[in-house]
Amino acid sequence: MAVLAKIRQRSALLIAAIAIALFAFIIQDLIGKGGLGQNTKDVGSINDKDIAFEDFRLKVSNLEKSGQGITPTQAANRVWEQEVTLALLMGEFDKLGLRVGEKHIVEVLKADQNIGNNPMFLNAAGLFDLGKFKDFFKSNPEQAQFLKDREKDAEINAKYQIYNTLIKSALYTTEAEGKFKYEAESNKVNFAYVAGLFSTIKDSDVKVTDAEITEYMKKNEKKFKAEESREISYVLIEDKASAQDEAEVKNKITSLLSGSVVYNPATGKNDTVPGFKNAKNAIDFVNANSDVPYDSTYIAKKDLPAVDADRLFSLPAGAVYGPYKFGNYYCLSKSLGFKSGVNAKASHILISYEGTQVPNKREVRTKEEAKAKAESILAQVTANPDSFLMLAFTASDDSSAQQGGDLGYFGPNAMVKPFNDFVFGNGIGKVGLVETPFGFHIIKITDKQDGIRLATVAQRIEASEATSDKLFAQATQFEMEAAAKDFDKLAKDMKLTVAPVVTAKALDENFGSLGNQRAIIRWAFEDDSKVGTVKRFEVANVGHVIAKVKSIDNSGLVAVSLARPYVEPILKNKKKAEMIKAKMTGSSLEAIAKTVGAPVQQATGLTLENAILPGGVGQEAKVVGNALALAANKISAPIEGNTGVYVVKNISTVKAPALKNHAAYVTKLKTQSSGDSNRAIPALKAAATIEDHRSQFGF
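What comes next is a walk through the structure. Note that this is a predicted model, so its numbers are computed, not measured.

1. Some words on the overall build of the protein chain
Of the regular secondary structure elements, the protein chain holds 24 helices and 21 strands. Taking 27 Å as the expected radius of gyration for a compact globule of 699 residues, we find that the protein chain reaches 36 Å, considerably beyond that expectation. Here the protein chain holds 699 residues, and the buried ones make up 37% of them. Contacts in the protein chain between residues far apart in sequence, at least 24 positions, make up 67% of those at least 6 positions apart. Looking at the protein chain as shown, the accessible area adds up to about 39300 Å², and 53% of this sits on carbon and sulfur atoms.

Given below as structure tokens:
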């Protein structure tokens, strides 16, 4: 039903409009408070290199206006990451004394197809002509700034290519590493062992405190480094219609079905106004009485509300159905008739050729070659319709090849004209060949859907003024009392629900299940927002959020609540290991087995590369490594593994024959480390001194 899409669209536009207004208000508020008038004029620094606010603000503004549909905070985050990366790389370039010449810069510029393939800059042989390129900018001085900006970017790009090449050249694998790899794969050990598994001790018998988790994080600070954060508790009081409000909307829309008597002051008499059932012009009636204007689209049954789809789709022309509820609306619908084939479903095989804008070409071919191939495939499909699916998989240049060419359902004019005309001009099962700007398409029409046109009166179910006033009073009362009382207990007493705690960083946007609520997060990081501070926020189309700063974490580590799921099992296993080790006494495996209540087991032919113990225990490289290091018939001390504590006895070690060289294993290691150069920038960030003051400037 087209009205349903309109309802969603209308709501989304309203939310967007309010969000823009709120953002403007917040910025004005910041300026009024002096939020932009900080002592520093820099939004941050990287290794003592300052990033000026004005320059940063301009880049963020330009990115916001770029049409990419990103929020102000997303733009600020993206520009910040770019600034950090650029500053770190430029520092490295300066340390290394990297320089690039004209040839380097030209090669980078040529890689841009708008320059390298631009006909203005090509010679008679179709190759890039540097002379033509320079002459163009000499004769078009107004374009000089564009070239200067591009050359600056190209210079950085060229330096980065050299820098990356230097890193890759510095990565090497030694013969000794190749030898170790060979031995790790080939040296085998047979051993007996006793396993005291962690799973034999209940988790509930081992406690891990917050202090222990914090201590562990401090010892492994790099893994748990985090920005300053806030834990925010909140209660949501939704601004929604009461049962009485909903009943009133239903009664109001029901009254539109039948005619009504209205006094006409011009004639001094009562006029009978026809209702929706008998209205002469259903479209005018909808536009006069509905919160959503009339839409003439024919709708397939699958797009109607599931509960009422059967009744709506079977309505005879002129018949009315309703009232029925859809989302936040009560609706009445009148059938304006059916239409066959409003949507179509088709599959296709695309054969593109050189010059078409298709990114997934399987092979380079001329237009003539593409046409010949398409005609050949059409002949195969005509002779054997069942071959279409496999031919789409193996021959189509379109991304739909992975779905056997299936494009799903689509409406008129959703596809380019020749494609659209073929599909909507032929019946189900028809196969044919058409040409479009993308290439040649072998098309198979697989289904069509009928549709119904409905004139729908939709009236929004929303809180009445009395209900909104009552909710506002409740939210205000909670805000005032929560400042001095226990937040959770007060919520319980007022029969409200405390939402899950939100852990937020200064530049986050998303706030739990409420999505983008930047204003709440910004408030939590203001100087006067201490632990226990409470504030009420009105959120458009949602209601009232009463938020409380539950905790402030400026330790530089992630919150204990976030780290616990990862750290707690590690610390519990360490404690379990000590408990198991204390039991493991005895001079033989058999004696040790009795103390832990586990059998003596056998492992055969294990290597460091294949260190999976039998019985579904899993990978235990430390256990196998200890077994390999033991002399025959020697027993190890207790070994703390991944899944338990082990004691092993070496039965025999079978060493692999010596090789003259280990080139194959060196090559294997090189392949495994081929992407290590990508770790350079994260490593530079980890080692850098980065100060981020963006939140002080309202970002």
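2. What to know about the packing of helix H2 (residues 53-64) against helix H3 (residues 72-96)
Where H2 contacts H3, the two axes come as close as 9 Å, and the packing angle between them is 125°. As the angle between them shows, H2 and H3 are arranged oblique. Along this stretch, H2 crosses H3, giving a crossing that reads as right-handed. Contacts between H2 and H3 involve Phe56, Lys59, Val60, Leu63 and Glu64 on the former and, on the latter, Pro72, Ala75, Ala76, Arg78, Val79, Trp80 and Glu83. Along the lines of polarity and charge, the residues of the contact of H2 with H3 split into eight nonpolar, no polar and four charged.

3. Brief notes about the nonpolar core
By size, the foremost hydrophobic cluster in this structure holds 26 residues, and its most contacted members are Val43, Phe56, Val60, Tyr163 and Phe699. The set of elements that each furnish at least two residues to this core consists of strand S1 (42-46), H2, H3, helix H7 (144-170) and helix H24 (680-687). With nine residues, H3 is the largest single contributor of residues to this core. With sequence-adjacent residues up to four places away left out, Val43 is seen in contact with Ile51, Phe53, Phe56, Trp80, Glu691, Asp692, His693, Arg694, Phe697 and Phe699.

4. Observations regarding the environment of Leu332
Along the chain, Leu332 falls in strand S9 (residues 329-351). On the accessibility criterion, Leu332 (0% relative accessible area) is buried. C-alpha separation for the pair Leu332 and Leu88, spaced 244 residues apart in sequence, amounts to 63 Å. Non-local contacts of Leu332, meaning those with residues more than four positions away in its chain, are made with Ile253, Leu256, Leu257, Phe276, Tyr321, Gly322, Pro323, Tyr324, Ala455, Thr456 and Val457.

5. Describing the sheet that holds strand S20 (residues 644-654)
Spatially, the four strands line up as an open sheet ordered S16-S3-S20-S19, and their pairing is antiparallel. At either end of the open sheet lies a strand with only one pairing partner, and these are strand S16 (600-606) and strand S19 (639-640). Of the pairings in the sheet, the one linking strand S3 (residues 188-197) to S16 comprises five bridges and is antiparallel in character. Bridging from a neighbouring strand, Val194 pairs with Val600 of S16. Sheet strands touched by helix H21 (residues 589-596): S3, S16 and S20. Its angle to S3, the strand with the most contacts, is close to 30°.

6. Topic: the sheet that holds strand S4 (residues 229-238)
Two strands in a sheet stick together by hydrogen bonds in their backbones, pointing the same way (parallel) or opposite ways (antiparallel). Reading across the sheet, the four strands line up as S13-S4-S15-S14 and stay open at both edges, with antiparallel pairing between neighbours. Of all the strands in the sheet, just strand S13 (502-505) and strand S14 (534-539) have a single pairing partner and so form its edges. The sheet shows a mean angle of 35° between the axes of neighbouring strands, direction not considered. Both S4 and strand S15 (residues 543-553) contribute to a ladder of 10 bridges, which runs antiparallel. Bridging across to S15, Glu238 finds its partner in Gly543. The strands touched by helix H17 (residues 465-482) within the sheet are S4, S14 and S15, with S14 carrying the most contacts at an inclination of about 160°.

7. A look at the packing of helix H8 (residues 175-186) against helix H23 (residues 663-672)
The N-to-C vectors of H8 and H23 enclose an angle of 95°; their axes lie 8 Å apart at closest approach. As summarised for this structure, H8 and H23 are arranged roughly perpendicular, according to the angle between their axes. For the pair formed by H8 and H23, the contact residues are Glu175, Glu177, Gly178, Lys181, Tyr182 and Glu185 on the first element and Tyr665, Val666, Lys668, Leu669 and Gln672 on the second.

8. Notes on helix H20 (residues 560-583)
In this model H20 runs 32 Å from its N-terminal to its C-terminal C-alpha over 24 residues, within 8% of the 34 Å that 1.5 Å per residue would give. By the largest-angle criterion, Tyr566 marks the main kink of H20, which is about 50°, and a proline, Pro569, follows within four residues. Buried within H20 we find Ala563, Val567, Leu571, Lys572, Lys576, Ala577 and Ile580. Looking at the buried residues of H20, the elements they touch are S3, helix H9 (210-219), helix H10 (221-224), H21, S19 and S20.

9. A look at the pattern of salt bridges
Summed over the entire model, instances satisfying the criterion amount to 35 salt bridges. When the shortest N-O distance is used, the salt bridge between Lys485 and Glu481 registers 3.1 Å.

10. Remarks on the packing of aromatic side chains
Here the structure, examined in full by the defined rule, presents 23 aromatic pairs. Note on Phe136 and Phe137: the rings are 5.1 Å apart at their centroids and 85° apart in plane angle, and the pair reads as edge-to-face. Under the relative-accessibility criterion, Phe136 is labelled partly exposed at 22%. On the basis of an interplanar angle of 45° and a centroid distance of 5.9 Å, the ring pair of Tyr353 and Phe440 is categorised as tilted. Placement of Tyr353 in the loop between S9 and helix H14 (367-383) and of Phe440 in strand S12 (residues 439-460) is noted, with a sequence separation of 87 residues between them. Summarising the burial analysis for this pair, Tyr353 and Phe440 share the class buried. Through successive ring pairs, a cluster of aromatic residues spans Phe121, Phe128, Phe133, Phe136 and Phe137. Taking NZ or CZ as reference, Lys334 lies 5.1 Å from the ring centre of Phe276, over its face.

11. Here we look at a nonpolar patch on the surface
Judged by side-chain polarity, Leu389, Met390 and Phe393 come together as a nonpolar surface patch covering roughly 290 Å² of accessible area. Within the element layout of this structure, Met390 appears in helix H15 (residues 388-395).

12. Concerning the side chain of Thr73
Its place among the elements puts Thr73 in helix H3. In this structure the side chain of Thr73 is engaged in a polar contact, spanning 3.3 Å, whose partner is the side chain of Glu509. Aside from chain neighbours lying at most four places away, what touches Thr73 is Leu507, Glu509 and Arg518.

13. Describing unusual backbone geometry
Between Gly322 and Pro323 the backbone carries a cis peptide bond, its omega angle lying at 5°. With respect to the helices and strands, the residue Pro323 is situated in strand S8 (residues 320-326). Residue Asp48 is not a glycine yet carries a positive backbone phi of 70°. Note that Asp48 resides in the loop between S1 and strand S2 (49-52). A positive phi angle is found at Asn541, which is not glycine, with a value near 60°. Position of Asn541 among the secondary structure elements: in the loop between S14 and S15.

Cut-offs applied
Residues numbered from 1 in each chain as written. Predicted model: local features only at pLDDT ≥ 70, side-chain atom pairs only at ≥ 80, totals over all residues. Heavy atoms only, no water. Helix = DSSP H or I, 4+ residues; strand = E, 2+ residues; numbered from the N terminus. Rg over C-alpha atoms; globule rule 2.2 N^0.38 Å. Buried < 20%, exposed > 50% of the residue type's maximum accessible area, 1.4 Å probe, protein only. Contact = heavy atoms within 4.5 Å. Areas by Shrake-Rupley, 256 points an atom, 1.4 Å probe, with all protein chains shown as cover. Axes fitted to C-alpha atoms, helices over the stretch in contact; angles between N-to-C directions. Parallel < 35°, antiparallel > 145°, perpendicular 65-115°, else oblique. Left-handed = near helix turned anticlockwise from the far one by under 90°. Nonpolar A, V, L, I, M, F, W, Y, C, P; charged D, E, K, R; others polar. Core = buried A, V, L, I, M, F, W, Y, C linked by side-chain atoms within 4.5 Å. Pairing = 2+ DSSP bridges. Expected span 1.5 Å × (residues − 1). Bend = angle between axes of the 7 residues up to and from the residue. Salt bridge = Lys/Arg side-chain N within 4 Å of Asp/Glu carboxyl O. Phe/Tyr/Trp six-rings, centres within 6.5 Å; stacked < 30°, edge-to-face > 60°. Lys NZ or Arg CZ within 6 Å of the ring centre and 35° of its normal. Patch = residues over 30% accessible without salt bridge, like charges linked within 9 Å, V, L, I, M, F, W, Y side chains within 5 Å. Polar contact = N/O pair within 3.5 Å; in protein donor to acceptor, adjacent residues only side chain to side chain.

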